[in-house]
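# Commentary on secondary and tertiary structure
The primary structure of each chain is shown beneath.
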Amino acid sequence: PDSDPEPPVVLKLGGSLITEKDRPETIDDDALVAACDAVANALADGAVERLVVVHGGGSFGHHHASEHGVSTTAGTDDADAVMDIHGAMAALNRAVLDRLHERDVPAVPVHPLSLTARPEGADGDLDLPISSTATLLGEGFVPVLHGDGVATADAGVTVVSGDELVVELAVGLGARRVGVCSTVPGVLDDGGEVISSIDSFDAVADALGASDATDVSGGMAAKVRELLALEAPAHVFGAAGLEPFLRGEDAGTRID
Ligand code: IP8
């Protein structure tokens, strides 16, 4: 029999990378195409065997979430608001899938709204059943998840960020490596230099500012805190780091 399959790589493509963050529902197609090329190349030459992609909201999800006052902690009971947020994210997901298919990547959608919940309320843990994604991976697909709305006890529907999904997927799937690709080349220190590696939150807390554009789910500090808690090594890098990361090299900031 074949030896056990390699644990997957979990890759987040930031919403700020693949969309124009300040223009509602606008894709940054050059950036999206470049990212999809890097993914396709890494799969084609075997640098990565099994891959899960998660993408953020950028000017799709965050625009509608903020219009409706919905965040990871503030929910809505208005179905129209849910449809605006989920509809925009599904449209962005479709664009990502289309670009991956053009490069023969066997990508399929996994929509968190249909799968996840916060059964203990907005402050409680996210419940993300993993079997759909795990089975798709085993069958040779590249599951593509995205930030979305999530059913939340006593709050209606809140936002689940791509970062939360990355963490849940990494734990649930026993990921080999985690990559977060955004518009910044890594986690930056006070002087704007990339911090090459982070192994404790306190050491970098002061240097981590908030995201500048509309972002309902918490900026770089929250990302670093969550990635530090993972067993798998994580890297935070910009577009130029994607190819090296997928080849197994260090890129941007290593968080471990
Ligand atoms: O961009 C949030 O995902 P993120 C997506 O990963 C929505 O924070 C629906 C605002």
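Calculation notes
- Residues numbered from 1 in each chain as written.
- Predicted model: local features only at pLDDT ≥ 70, side-chain atom pairs only at ≥ 80, totals over all residues.
- Heavy atoms only, no water.
- pLDDT = per-residue confidence, 0-100.
- Contact = heavy atoms within 4.5 Å.
- Axes fitted to C-alpha atoms, helices over the stretch in contact; angles between N-to-C directions.
- Helix = DSSP H or I, 4+ residues; strand = E, 2+ residues; numbered from the N terminus.
- Parallel < 35°, antiparallel > 145°, perpendicular 65-115°, else oblique.
- Nonpolar A, V, L, I, M, F, W, Y, C, P; charged D, E, K, R; others polar.
- Pairing = 2+ DSSP bridges.
- Phe/Tyr/Trp six-rings, centres within 6.5 Å; stacked < 30°, edge-to-face > 60°.
- Lys NZ or Arg CZ within 6 Å of the ring centre and 35° of its normal.
- 1 Å grid on protein atoms, 1.4 Å probe; cavity = no way out; pocket = protein on both sides within 12 Å on 5 of 7 lines; lining within 4 Å.
- Points joined across faces, edges and corners; volume = space filled by probe spheres on them.

Once that is clear, we can look at the confidence of the model for the chain. Per-residue confidence for the chain gives a mean pLDDT of 93, with 95% of residues at or over 70. Counting contacts from residues 210–217, a segment whose pLDDT is below 50, to residues more than four positions away or on other chains yields 19 contacts.

Now for the packing of helix 3 (residues 58–67) against helix 4 (residues 79–102). At a closest axis distance of 8 Å, the pairing of helix 3 and helix 4 adopts a crossing angle of 175 degrees. Taken together, the axes of helix 3 and helix 4 lie roughly antiparallel to each other. Where helix 3 approaches helix 4, its residues Phe60, Gly61, His64 and Ala65 are matched on the opposing element by Asp84, Ile85, Ala88, Met89 and Leu92. When grouped by side-chain class, the residues that make up the contact of helix 3 with helix 4 number six nonpolar, two polar and one charged.

Moving on: the sheet that holds strand 1 (residues 9–13). On the basis of which strands lie adjacent, the open sheet formed by eight strands has the order 3-5-2-1-8-10-11-9 and mixed pairing. Looking at the sheet topology across the chains shown, the edges are occupied by strand 3 (107–109) and strand 9 (197–198). Both strand 3 and strand 5 (residues 142–146) contribute to a ladder of three bridges, which runs parallel. Paired with Ala107 across the strands is Val142, a residue of strand 5. Running at roughly 150 degrees to strand 5, helix 4 makes contact with strand 2 (51–55), strand 3 and strand 5 of the sheet.

As a further point, take the packing of aromatic side chains. Within the structure shown, the criterion is met by one aromatic pair. The positively charged end of Arg225 is found above the aromatic ring belonging to Phe201, 4.0 Å away from the centroid.

Before going further, it helps to examine the sheet that holds strand 6 (residues 148–152). Across the sheet, which stays open at both edges, the three strands sit in the order 4-6-7 with mixed pairing between neighbours. The open sheet is flanked by strand 4 (117–118) and strand 7 (156–160), the only strands paired with a single partner. In terms of strand pairing, strand 4 meets strand 6 through two bridges, oriented parallel. Counterpart to Ala117 in the pairing with strand 6 is Ala151.

A separate point is empty space enclosed by the protein. Under the counting rule described, the total for this entry stands at one cavity of 30 Å³ or more. Its boundaries defined by the atoms lining it, the largest cavity holds a volume of some 30 Å³. Surrounding the largest cavity, Asp163, Val166, Val180, Lys223, Glu226 and Leu227 form its lining. For the lining of the largest cavity, the elements supplying multiple residues, two or more each, are helix 6 (162–173) and helix 7 (219–228). Broken down by element, the residue count for the lining of the largest cavity peaks at three residues, all from helix 7. Split by residue class, the lining of the largest cavity holds three nonpolar, no polar and three charged.

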